[in-house]
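# Residue-level structure breakdown
Spelled out from the first residue to the last, the chains are:
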Amino acid sequence: MDKFSRRKFVATIGAATVAPASALLKAAPAEAVAPQQMAQRGSATLPAKPLYLFFNLAEAAFIESACERLIPADESGPGALGAGVPNYLDKQLGGAWGSGERLYRSGPWQSGSPSQGYQLPFTPAELFHVALRAVNRNFESQGAAFGTLSAEAQDAYLKTLEAGGVDLDGVPSAVFFDMLLRMSIEGFFSDPVYGGNRDMVAWRMIGFPGAYADYYEAIDRHGEKFAREPMSIGEDALRHVHIDPNIPASL
Amino acid sequence: MVQRLKEVDVVIVGVGMVGSIVAKELAAAGYKVVGLERGEARFTVPEFQSPAVHDELRFDIRKALMQDNTREPVTFRNASSETALPVRRWESFLPGTGLGGSMVHWNGQTYRFQANDFELATRTKERYGKNFLDKDVTIQDWGVTYAELEPHYDRFEYLLGTSGKAGNIKGEIQPGGDPHESPRSREYPTPPQKEHFQGALFRKAATSLGYHPFPQPSSNLSQPYTNPEGVKLNACVFCGFCERYACEHYAKSTPQTVILPVLLANSNFELRTGCQVQRINLDSSKKKATGVTYIDTAGREFEQPASLVITASFALNNVRMLLLSGIDKPYNPQSGTGVVGRNYAYQTMSSVAAFFDQDVIINPFMASGASGTLINDFAGDNFDHSGLGFIGGAFIGAVNTNGRPIQYHPVPPGTPAWGQGWKEAVVKHYNHTVMFSLHGSSVSTRQNYLDLDPTYRDAWGQPLLRMTFDFPQNDLKMAAYVTAKGVEIGKAMGAKLVAGAPRKAPYTTTVYQTTHNTGGTVMGNDPRTSVVNRYLQSWDVPNVFVIGASAYPQNASWNPTDTLGALTYWAIDALKNRYLKNPGRLVSA
């Protein structure tokens, strides 16, 4: 029964979109990928400004600026902002992950050694709200939002968070920074269905083909560049990425 | 209210690979068998289908296939002087859950241990003298030999269809295989997988240095295969989504693809999923098990009486089940007495990164979980340890399994952790780096052990398992030694920059290393230093068998699954041919 279903699956879904890897290796060199072109297509179909459901305006402003310093745009391609990383963070923190998915949450709570890992009672959502409130209060008192600082000054502030020792209303700044950085890298490189890695820009940048699955003919053609458009798990036959309608990852 | 169910011949706790094989054999022999699985039933179709399974965030980062740590984590500390705290997020090791168990998400690396490993204490003393080891080391012989296990290794590998090249058939060295391996009775069921570029580069360099590279034995199959149970598998297409993922291609050997179709067709077997076993029940003598008590997903409590109880869950869970049930004496590290939880060991993982120029294109994403090339020249006791001050070793190999970028974006040491410099380095090195794995052995010691946590509890109110572990000096010295050898191979490959990362203390739960947790219900010939006899039968309660990597007295230089498969068939042999015909102790205490 399983075998029949598998064959049927390949016949109805797979055949239309999957080309043999051997043909792809012979295809045009890397320039054929044309990242700028794809990025333009992306920006034409997806508005630049996400709808934030979790972050308030001040939080979103800090997150957008900070993420872009963590993963800045450069000649290799867009940074966190262009890839939609803040949107990814917003949807993750507003969903199951934010409320403690996969996090054991029974006390008693006490701080441990670094090798014992995260021991704070905050869910990720609570941790971000608490830390961001403290961060933004700090900038409000100085009269200049984080986003208005120079890139160098922004980096210097992020380094003080990273180094630790700053208490953000009970959240150690190094813990907040670590979570922000980890989640930014996740949002940059994860499948675009989660609202980051918009139009697979990060995958194009490094040459990762994404969810594409068949390298049987390619694996022993050593040293040849594999030039293929990356593939998302949410793609239809026209290569449009469908976002879950229940998760307004972009509007 | 506890509902008492009809008695059966055998109840099995955990329906992973061990549970599936045991259940299949005993059901086929005519016994009524119930398999209790805490997770869900799941199959290649419809659960494991692409493209949804190729989701790094869900499976790698969020760990969708793993034991539910919000309900059932472990607590951890490096030393008994510290307070253990819950591992609130899985990182260092990843026990699976659900039908098929952890083998659903394994990489398919299918090594045998060597003859030396099963008699490690005796042979170490013979070769290096009785004062060679550090005083804290508590290694011991297994009570079973390689020669006794060989037919069972063979049977397990033919069940899986493992793809590889023999290096020693009945004492004759075979070109292209591993010349260090202990003799096997015949060739692998299927030929090796294709070699990826990393493997080819490694092979050339290792050969130039006089080492003996060979293809990684892989249970992601090189060609279609029908196993002796009549179950068919497909050839692997190197999609690069093995470890932490289920396989949608029927190409990775898992319970679903090699044995469950046969087991589930046998009416002597009943699978019950969503059953959280609370304890093994004992009679008033405490020397006989009467069955198990479990709670289903709706919270209802059941007692399942059985003549024979087999715990076949992940190593850590086997240990906890015995502790929760009051079977045998818990280990006490102060006095060195007691046995349950004793000799917990792990795996000492180091790595080497070789960074190449831009014209060397690696394509790291083309891989199976076991399509690498490696050497055993520095594994086990394959080299002279005289004067080195440690035993054990590691296989060294270009055994890269994937290029999934959230986790895999190698950068040279000294690269900033973020910002422009980080991004440039990621883009520059992603497709031009070869990673070696140095898969190191792990000695058992007096201070590393498992017991029940006095404070933290699971969702059912039972104490969590408490792990006390740090890397022994023996293994840290080993890691430094083999990593230096790995760096030499990287240099011989012509890499522009080679960075070795020997495993260092303290052990941390925050970084993934491996899910090869072993020991705690170790096997042996002496009830004072083992929980189960050489047939994996409890010394204390003889109608309980404990089958898992929890039986390993220490861990060797290779992935533990093949040895577990061999032990499973070895135990089944004793169960079917001796125990069930005349229940009682198979070895007198």
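Scoring rules and cut-offs
Residues numbered from 1 in each chain as written. Chains lettered and ligands numbered in written order. Predicted model: local features only at pLDDT ≥ 70, side-chain atom pairs only at ≥ 80, totals over all residues. Helix = DSSP H or I, 4+ residues; strand = E, 2+ residues; numbered from the N terminus. Buried ≥ 20, exposed ≤ 12 C-beta atoms within 10 Å, placed from the backbone. Contact = placed C-beta atoms within 7 Å. Rg over C-alpha atoms; globule rule 2.2 N^0.38 Å. Pairing = 2+ DSSP bridges. Axes fitted to C-alpha atoms, helices over the stretch in contact; angles between N-to-C directions. Arc of directions from axis to C-beta. Parallel < 35°, antiparallel > 145°, perpendicular 65-115°, else oblique. Left-handed = near helix turned anticlockwise from the far one by under 90°. Core = buried A, V, L, I, M, F, W, Y, C linked by C-beta atoms within 7 Å. Expected span 1.5 Å × (residues − 1). pLDDT = per-residue confidence, 0-100.

With that settled, consider the overall build of chain A. Looking only at helices and strands, one finds 10 helices and two strands in chain A. Helices and strands in chain A line up, N terminus first, as α-α-α-α-α-α-α-α-β-β-α-α. When each of the 251 residues of chain A is scored for burial, the buried share is 39%. Looking at chain A alone, contacts between residues at least 24 apart form 66% of all its contacts between residues at least 6 apart.

Assigned secondary structure in chain B consists of 13 helices and 24 strands. A globule of 589 residues ought to have a C-alpha radius of gyration of about 25 Å, and chain B, at 23 Å, matches this closely. Along the first, second and third principal axes, the C-alpha set of chain B runs to 70 × 55 × 55 Å. By the burial criterion, 61% of the 589 residues in chain B qualify as buried. Sequence-distant contacts in chain B: of pairs separated by 6 or more residues, those separated by 24 or more amount to 75%.

Take the pairing of strand β13 (residues 289-295) of chain B next. Residue and element names in this part refer to chain B. Bridge count between strand β12 (residues 276-282) and β13: six bridges; the pairing is antiparallel. Bridge pairing in β13 places Val-277 opposite Tyr-294. In this antiparallel pair of consecutive strands, β12 and β13, the connection spans six residues, and Lys-286 shows a positive phi of 65°. Pairing of β13 with strand β14 (residues 301-311) involves five bridges; the strand directions are antiparallel. Bridged to Tyr-294 within β14 is Phe-302. Counted along the chain from β13 to the antiparallel partner β14, the turn is five residues long, and its residue Gly-299 has a positive phi close to 90°.

Let us now look at the sheet that holds strand β18 (residues 394-398) of chain B. To summarise the sheet geometry, strands pair through backbone hydrogen bonds and adopt either a parallel or an antiparallel arrangement. All names here are of chain B. Pairing within the open sheet is antiparallel, and its six strands lie in the order β8-β17-β18-β19-β16-β22. Single-partner strands in this sheet number two, and they are β8 (214-215) and β22 (497-501). In the sheet, strand β16 (residues 348-355) pairs with strand β19 (residues 433-440) via eight bridges, with the strands oriented antiparallel. Each residue of the ladder has a partner; that of Phe-355, found in β19, is Thr-433. Across the sheet, helix α12 (residues 473-492) lies against β16, β18, β19 and β22, angled at about 20° from β16, the strand it touches most.

What follows concerns the sheet that holds strand β20 (residues 449-457) of chain B. Residue and element names in this part refer to chain B. The strand order across the open sheet built from four strands is β5-β4-β21-β20, with neighbouring strands paired in mixed fashion. The open sheet is flanked by β5 (85-86) and β20, the only strands paired with a single partner. When β20 meets strand β21 (residues 463-468), the two strands line up antiparallel, connected through five bridges. Opposite Leu-450, over in β21, you have Met-467 as the bridge partner.

In this section: helix α11 (residues 419-429) of chain B. What α11 of chain B keeps buried is the set Lys-423, Val-426 and His-429 of chain B. Along the axis of α11 of chain B, the buried positions cluster into a sector of 155°, meaning they face one direction only. In this fold, the buried residues of α11 of chain B make contact with α10 (201-206) of chain A together with β16 and β19 of chain B.

Once that is clear, we can look at the interface of chain B and chain A. Contacts between the two partners involve 59 residues from chain B, matched on the other side by 52 residues from chain A. Listed by contribution, the elements that provide at least two residues to the side of chain B that touches chain A are α2 (44-47), α3 (56-61), β5, α7 (197-208), α11 and β20 of chain B. Sort the elements by how many residues they give to the side of chain B that touches chain A and α11 of chain B lands first, with five residues.

This part covers the packing of helix α1 (residues 17-28) of chain B against helix α13 (residues 561-579) of chain B. All names here are of chain B. Two elements in contact, α1 and α13, have axes separated by 10 Å at closest approach and are oriented at 30°. Relative to α13, the element α1 is oriented roughly parallel. Crossing geometry of α1 relative to α13 is assigned as right-handed. Residue-level contacts link Met-17, Val-18, Ile-21, Val-22, Glu-25 and Leu-26 of α1 to Leu-564, Gly-565, Thr-568, Ile-572, Leu-575 and Lys-576 of α13.

Core analysis: the largest hydrophobic core is formed by 224 residues, its most contacted members being Ile-12, Val-22, Ile-310, Ile-396, Leu-536 and Ile-547 of chain B. Sequence-distant contacts of Ile-547 of chain B, that is, excluding residues within four places in its chain, are made with Val-18, Val-22, Ile-310, Ala-312, Leu-536, Leu-567, Thr-568 and Ala-571 of chain B.

Relative to the assigned elements, Ser-111 of chain A resides in the loop between α6 (85-94) and α7 (124-142). Judged by the 9 C-beta atoms lying within 10 Å of it, Ser-111 of chain A falls in the exposed class.

It is worth spelling out α1 of chain B at this point. Residue and element names in this part refer to chain B. Helix length check: α1, at 12 residues, gives a terminal C-alpha distance of 16 Å against a target of 16 Å (1.5 Å per residue), a fit within 8%. Most of α1 is tucked away: 11 of the 12 residues are buried. All buried positions along α1 are accounted for by Met-17, Val-18, Gly-19, Ser-20, Ile-21, Val-22, Ala-23, Lys-24, Glu-25, Leu-26 and Ala-27. Just past α1, the residue Gly-30 takes up positive phi, approximately 100°.

In this section: unusual backbone geometry. Each neighbour pair has its own omega, and for Gly-107 of chain A with Pro-108 of chain A the value is 5°, a cis peptide bond. Within the secondary structure, Pro-108 of chain A is located in the loop between α6 and α7. Omega for the peptide link from Val-45 of chain B to Pro-46 of chain B comes to 5°, which places this bond in the cis form. Here Pro-46 of chain B shows up in helix α2. The backbone of Asp-169 of chain A shows a phi angle near 50°, a positive value even though the residue is not glycine. Inspection of the secondary structure puts Asp-169 of chain A in the loop between β1 (167-168) and β2 (171-172). The phi torsion at Asn-343 of chain B lies on the positive side, around 60°, for a residue other than glycine. On the secondary structure map, Asn-343 of chain B appears in strand β15 (residues 342-345).

Residue and element names in this part refer to chain B. Note on placement: Arg-186 falls in the loop between β7 (172-173) and α7. As a C-alpha pair, Arg-186 and Asn-168 span 18 residues in sequence and 8.7 Å in three-dimensional space. When neighbours within four sequence positions are excluded, Arg-186 is seen to be in contact with Asp-154 and Ile-169.

Our focus in this paragraph is the confidence of the model for chain A. Residue and element names in this part refer to chain A. Per-residue confidence for chain A gives a mean pLDDT of 83; residues scoring 70 or more make up 76%. For residues 1-46, every residue scores under 50 in pLDDT, and the model assigns this stretch 52 contacts once sequence neighbours within four places are set aside. Counting interchain partners and residues more than four positions distant, the pLDDT-below-50 stretch residues 245-251 has 13 contacts.

Residues and elements named next belong to chain B. Relative to the elements of secondary structure, Thr-311 occurs in strand β14. Taking C-alpha positions, Thr-311 is 6.2 Å from Ile-547, a pair spaced 236 residues apart along the chain. Discounting chain neighbours no more than four positions away, the residues touching Thr-311 are Val-13, Gly-14, Asn-318, Met-321 and Val-546.

Residue and element names in this part refer to chain B. Of all residues in chain B, 100% attain a pLDDT of 70 or more, and the chain-wide mean is 98. Looking over chain B, one finds the lowest element-wise mean pLDDT in α2, namely 94, and the highest in strand β24 (residues 544-546), namely 99. Here the predicted complex carries an ipTM of 0.96, next to a pTM of 0.93.

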